[in-house]
Amino acid sequence: QVQLVESGGGLVQAGGSLRLSCAASGSFISIGDMRWYRQAPGKQRELVASINSPGTINYADSVKGRFTISRDNAKNAVYLQMNSLKPEDTAVYYCYAIGAHLSSVNMFTNRQYWGQGTQVTVSS
């Protein structure tokens, strides 16, 4: 089955930067929407940024001007460049993607995939 493998998380001081990567592996025809979510302890999971296949981008208000989402369709990958990190950015960051597949009856189907999450910790 398709997996999303995340990397780039870690510990960084406030004001620092991290770059998260997420690569899709497995069998799929194409990847549509790709997103980064995050969930802090005791908090709801929230959408951080999204980018679709044409490249339309949306950001949560809390990260606008600091985070940049991008994708490499040839590598089936999505990235999140995080600058000017704040302690409140501390969370587990999850990669999300919608993949197009052919069903057993050769019809296109869209499926949702989640990465296992990568920890981002921002110290003050």
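What you see is a predicted model, and the numbers here were worked out from it, not measured in a lab.

*Asks:* Tell me what's going on with a nonpolar patch on the surface, and back it up with residues and numbers.
*Replies:* Nonpolar side chains collect at one region of the surface, where Ile29, Leu102 and Phe108 lie side by side and expose about 330 Å² of accessible area between them. Residue classification places isoleucine 29 among the partly exposed positions, given a relative accessible area of 46%.

*Asks:* Outline the nonpolar core, listing residues and values.
*Replies:* Ranked by internal contacts, the top residues of the largest apolar core, which has 29 residues, are Trp36, Val48, Phe67, Val78, Leu80, Met82 and Tyr93. Elements that contribute at least two residues to this core include exactly strand E3 (18–25), strand E4 (30–39), strand E5 (46–51), strand E7 (67–72), strand E8 (77–82), strand E9 (91–102) and strand E11 (118–123). In contact with valine 48, other than residues within four places in its own chain, are Trp36, Tyr37, Arg38, Asn58, Tyr59, Ala60, Val63, Phe67, Leu80 and Tyr93.

*Asks:* Describe the side chain of serine 21, and please don't skip the residues or the numbers.
*Replies:* Tracing the backbone shows serine 21 in strand E3. Judged by relative accessible area, which is 17%, serine 21 ranks as buried. Each residue touching serine 21, except ones within four places of it in the same chain, is listed here: Val5, Glu6, Ser7, Trp36, Val78 and Tyr79.

*Asks:* Describe the pairing of strand E10 (residues 108–114), listing the residues and the values that go with them.
*Replies:* Taken together, the seven bridges between E9 and E10 define a ladder with antiparallel strand orientation. Considered in E10, the bridge of tyrosine 96 is made with tryptophan 114. Taken together, E9 and the strand that follows it, E10, pair antiparallel across an intervening segment of five residues, in which asparagine 106 is found at a positive phi of about 60 degrees.

About the cut-offs
- Residues numbered from 1 in each chain as written.
- Predicted model: local features only at pLDDT ≥ 70, side-chain atom pairs only at ≥ 80, totals over all residues.
- Heavy atoms only, no water.
- Patch = residues over 30% accessible without salt bridge, like charges linked within 9 Å, V, L, I, M, F, W, Y side chains within 5 Å.
- Areas by Shrake-Rupley, 256 points an atom, 1.4 Å probe, with all protein chains shown as cover.
- Salt bridge = Lys/Arg side-chain N within 4 Å of Asp/Glu carboxyl O.
- Buried < 20%, exposed > 50% of the residue type's maximum accessible area, 1.4 Å probe, protein only.
- Core = buried A, V, L, I, M, F, W, Y, C linked by side-chain atoms within 4.5 Å.
- Helix = DSSP H or I, 4+ residues; strand = E, 2+ residues; numbered from the N terminus.
- Contact = heavy atoms within 4.5 Å.
- Pairing = 2+ DSSP bridges.

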